[in-house]
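One-letter residues, chain by chain:
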Amino acid sequence: QGQLVESGGGSVQAGGSLSLSCAASGFTYSNYDCMGWVRRAPGKEAEGVAHIYTAGGSTYYAESVKGRFTISRDNAKNTLYLQMNSLKPEDTAMYYCAASRRPCTVAADRQIPPYTHWGHGTQVTVSS
């Protein structure tokens, strides 16, 4: 069984930027339909942030991050990225990367796709 390892989290002031990475070991991203990022803020339910299809590169973003976050992947490096700009205090959360063997079809904003593999998360803290 492979694993996903996130990195790049940290603390930043509002308006700043952070770049998250998610490296896969033991499995190949190209064998999965899509990959994405999920976040969970203290006291709140987890929510889907963004996902990307391994074939074609189509992307999806939650409304709250659209225009500020960019998801990308490097299939050759088995690495997923999330570039986060113009960060807000409400972006503070634990961010998890995930992968799915099924299409990441979502019916509502912030819905979490049917991910089958999860990382352990990296903390992002945005201060005002």
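Refer to the structure printed above.
Residues numbered from 1 in each chain as written. Predicted model: local features only at pLDDT ≥ 70, side-chain atom pairs only at ≥ 80, totals over all residues. Heavy atoms only, no water.

### Focus on the overall build of the chain
- Counting its regular elements, the chain contains zero helices and 11 strands.
- Starting at the N terminus and walking to the C terminus, you meet the elements of the chain as β-β-β-β-β-β-β-β-β-β-β.
- Relative to its length of 128 residues, the chain is compact, with a C-alpha radius of gyration of 13 Å against a globular reference of 14 Å.
- Judged by the C-alpha coordinates and their principal axes, the chain covers about 40 × 30 × 25 Å.
- Split into buried and exposed, the 128 residues of the chain put 43% on the buried side.
- Long-range pairs, those at least 24 residues apart, make up 59% of the contacts in the chain with a sequence separation of at least 6. (Helix = DSSP H or I, 4+ residues; strand = E, 2+ residues; numbered from the N terminus. Rg over C-alpha atoms; globule rule 2.2 N^0.38 Å. Buried < 20%, exposed > 50% of the residue type's maximum accessible area, 1.4 Å probe, protein only. Contact = heavy atoms within 4.5 Å.)

### Some points on the state of the cysteines
- Inspection of every chain in the model, using the stated rule, returns two disulfides.
- The disulfide bridge from Cys22 ends at Cys97, spanning 1.8 Å between sulfur atoms. Of the two residues, Cys22 sits in strand E3 (residues 18–25) while Cys97 sits in strand E9 (residues 93–100), which places them 75 residues apart along the sequence.
- Among the residues examined, Cys22 registers a relative accessible area of 0% and is labelled buried.
- One disulfide bridge connects Cys34 with Cys104, the sulfur atoms lying 1.5 Å from each other. Where Cys34 bonds to Cys104 through sulfur, the torsion about that S-S bond is close to 50°, and the disulfide is right-handed. One end of the pair, Cys34, is in strand E4 (residues 34–40); the other, Cys104, is in the loop between E9 and strand E10 (117–118), and 70 residues separate them in sequence. (Disulfide = S-S within 2.5 Å.)

### Considering the pattern of salt bridges
- Here the structure, examined in full by the defined rule, presents six salt bridges.
- For Asp91, the salt bridge identified is with Arg68, shortest N-O distance 2.7 Å. Pair noted here: Asp91 is in the loop between strand E8 (79–84) and E9 and Arg68 is in the loop between strand E6 (59–61) and strand E7 (69–74), with a separation of 23 residues, a long-range link.
- By relative accessible area, Arg68 is classed as buried at 11%. (Salt bridge = Lys/Arg side-chain N within 4 Å of Asp/Glu carboxyl O.)

### Thoughts on the layout of surface pockets
- For the largest pocket, the calculated volume is near 160 Å³.
- If you trace the largest pocket, you find it lined by Arg39, Ala41, Lys44, Glu45, Glu47, Ser64, Glu90 and Arg110.
- Residue classes in the lining of the largest pocket are distributed as one nonpolar, one polar and six charged. (1 Å grid on protein atoms, 1.4 Å probe; cavity = no way out; pocket = protein on both sides within 12 Å on 5 of 7 lines; lining within 4 Å. Points joined across faces, edges and corners; volume = space filled by probe spheres on them. Nonpolar A, V, L, I, M, F, W, Y, C, P; charged D, E, K, R; others polar.)

### Structural notes on the nonpolar core
- Counting 30 residues, the largest nonpolar core has Trp37, Leu80, Leu82, Met84 and Tyr95 as its most contacted members.
- Of all the secondary-structure elements, those providing two or more residues to this core are E3, E4, strand E5 (47–53), E7, E8, E9 and strand E11 (122–127).
- The contact partners of Leu80, leaving out residues within four places of it in the chain, are Leu20, Ser21, Cys22, Tyr29, Met35, Gly36, Trp37, Ile52, Ile71, Ser72, Arg73 and Cys97. (Core = buried A, V, L, I, M, F, W, Y, C linked by side-chain atoms within 4.5 Å.)

### Notes on the side chain of Thr92
- Mapped onto the fold, Thr92 is located in the loop between E8 and E9.
- Within the structure, the side chain of Thr92 is placed 2.9 Å from the backbone oxygen of Pro89, a separation counted as a polar contact.
- For Thr92, the side chain forms a polar contact with the main-chain nitrogen of Val126, separated by 2.8 Å. (Polar contact = N/O pair within 3.5 Å; in protein donor to acceptor, adjacent residues only side chain to side chain.)

Such coordinate-based values are descriptive only and should not be taken to indicate function.
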